[in-house]
Amino acid sequence: MKRRTALTTAVAALAAPALALGAAESAQAQTAFARGADISSLAKSEAKGGVYMWADGWREDAIWILQKSGVNWIRLKVWVNPADGYNNKTHVVNVAKRARAAGMNVLVDFHYTDTWADPGAQTKPAAWANYSVAQLKTAIYNHTADVLGAMVSAGAAPQMVQVGNELNAGMLWPTGRYDQLDNLAQFLISGASAVRATVPAAKVMLHLAEGGNNSVFRWFFDAMQARGVTWDTIGASYYPYWHGSLSGLQSNLNDMASRYGKPVYVVETAYPFNPGDRDGFGNIISAATPVSGYPASYTGQSNMLTAIANVVKAVPNGRGAGVFWWEATWTAVTGNGWDPYDPNSKNGWENQALFDFAWKATPALKTLGTL
């Protein structure tokens, strides 16, 4: 990792070419292995006083620390009308502009809700609660096109777009739930159509959790394919303490890549560098060794990331396309917690960020940047 002396002399040299990325260079960057970081929490962290440092204590903008460490993609989630005013169009556009200015590609993750969307919760936005299927299709299209259009206008067009987040159980419950597959397919077609109309060069991703669960992946993608949904890339969440063995992940990614002929990404993963917590609020993962052979330590965090990346890189025919660390910048900043409705909310994830309890980059950041 670069030290202070290297940073102070390199900033100008790094910034100029990043700002001047041409179309050919951008296309080349897009095809490189994605060394990605989800930084959806960053804008709120900064507003609440969060700071980010190199391992030697030198403070710098988190996006530039990521970029200089070798991260080449960032991921940002979008909520429709969040209670805290973050993860909305304005903040996504602003952070995406910063990432593009640093030469990084951008993946936008549409949740189609006002709060968290995952296999256990896919609540309709409050404003859409009583919409018919037809109205929901229109709302999805308009929301997607509105956010992406703002990004294009700001010079921060994304290179990839997720239509939905962790769709194992569908979206927009109950209308687009897993037992309403025809509706779900129409919603995904509507979102994908908005992406292609607004940012034609962007890749459309569909994303499931449980990266080691091949039966769920086959069920979902077969069902969507049969109903006319099209996509360009497949995203999987893989948290090794929840989602099965590395060998199971390998088998599933290999099958997805060959069965559908698409690039595959582990688009969410994380692992703790410490079993403790920084803010007095219990963490989601607090075991000393969450997965056998990988302690909750700096070394364990780096080694787990390397193991996951090796799985992705082993997918045949070069279709293993990249790895994204989930919430790399979500440190223990009071008010930047889980609950967007609580201004004093605390975090349950800070021991899995890529910045430690002293706000310094963990060794796994360098691992991510050199995959």
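Structure's up top.
Owing to the predicted nature of the structure, the values given are computational and were not obtained by experimental measurement.

Turning next to the side chain of T233. Position of T233 relative to the elements: it lies in strand β8 (residues 233-237). A relative accessible area of 3% places T233 in the buried class. Dropping the residues within four chain positions of it, T233 is found in contact with M160, K203, V204, M205, L206, K262, P263 and Y265.

When a strand is regular, its side chains alternate between the sheet's two faces. In terms of residue burial, strand β7 (residues 203-208) counts as a mostly covered element, since five of its six residues are buried. Pairing between strand β4 (residues 160-163) and β7: three bridges, direction parallel. When the bridges of β7 are listed, Q162 appears paired with M205. Relative to β8, β7 is paired through four bridges, and the arrangement is parallel. By the bridge assignment, L206 is partnered in β8 with I234. Each parallel crossover has a hand, and for β7 linked through helix α8 (residues 214-226) to β8 it is right-handed.

Moving on to the sheet that holds β7. The strand order β1-β2-β3-β4-β7-β8-β9-β10 describes a closed barrel built from eight strands, whose pairing is parallel. Between one strand axis and the next, the sheet turns through 25 degrees on average, direction left out of account. Sheet strands in contact with helix α10 (residues 298-313) are β9 (264-269) and β10 (320-325), and its direction is about 155 degrees off that of β10.

What counts, and where the lines are drawn
Throughout, a residue's number is its position along its own chain's written sequence, starting from 1. Selection of residues for local features in this predicted model requires a pLDDT of at least 70, selection of side-chain atom pairs for listing and counting requires 80 or more, and totals for whole chains, interfaces and linings are taken over all residues. The basis for every side-chain value is the complete set of non-hydrogen atoms in the structure, without hydrogens or water. Segments assigned H or I by DSSP are reported as helices when at least four residues long, segments assigned E as strands when at least two residues long, and all are numbered from the N terminus. Relative accessibility under 20% of the residue-type maximum defines a buried residue, over 50% an exposed one, and the middle range a partly exposed one, all with a 1.4 Å probe and only protein chains included. Two residues qualify as a contact provided that any one of their heavy atoms is within 4.5 Å of a heavy atom in the partner residue. By definition, two strands form a pair when at least two bridges between them are found by DSSP. Note on handedness: a clockwise path from strand one over the helix to strand two, with the strands aimed away from the viewer, defines a right-handed crossover. For every element, the axis is a line fit to its C-alpha atoms; helices are fit only across the contacting stretch, and the angle between N-to-C directions ranges from 0 to 180 degrees.

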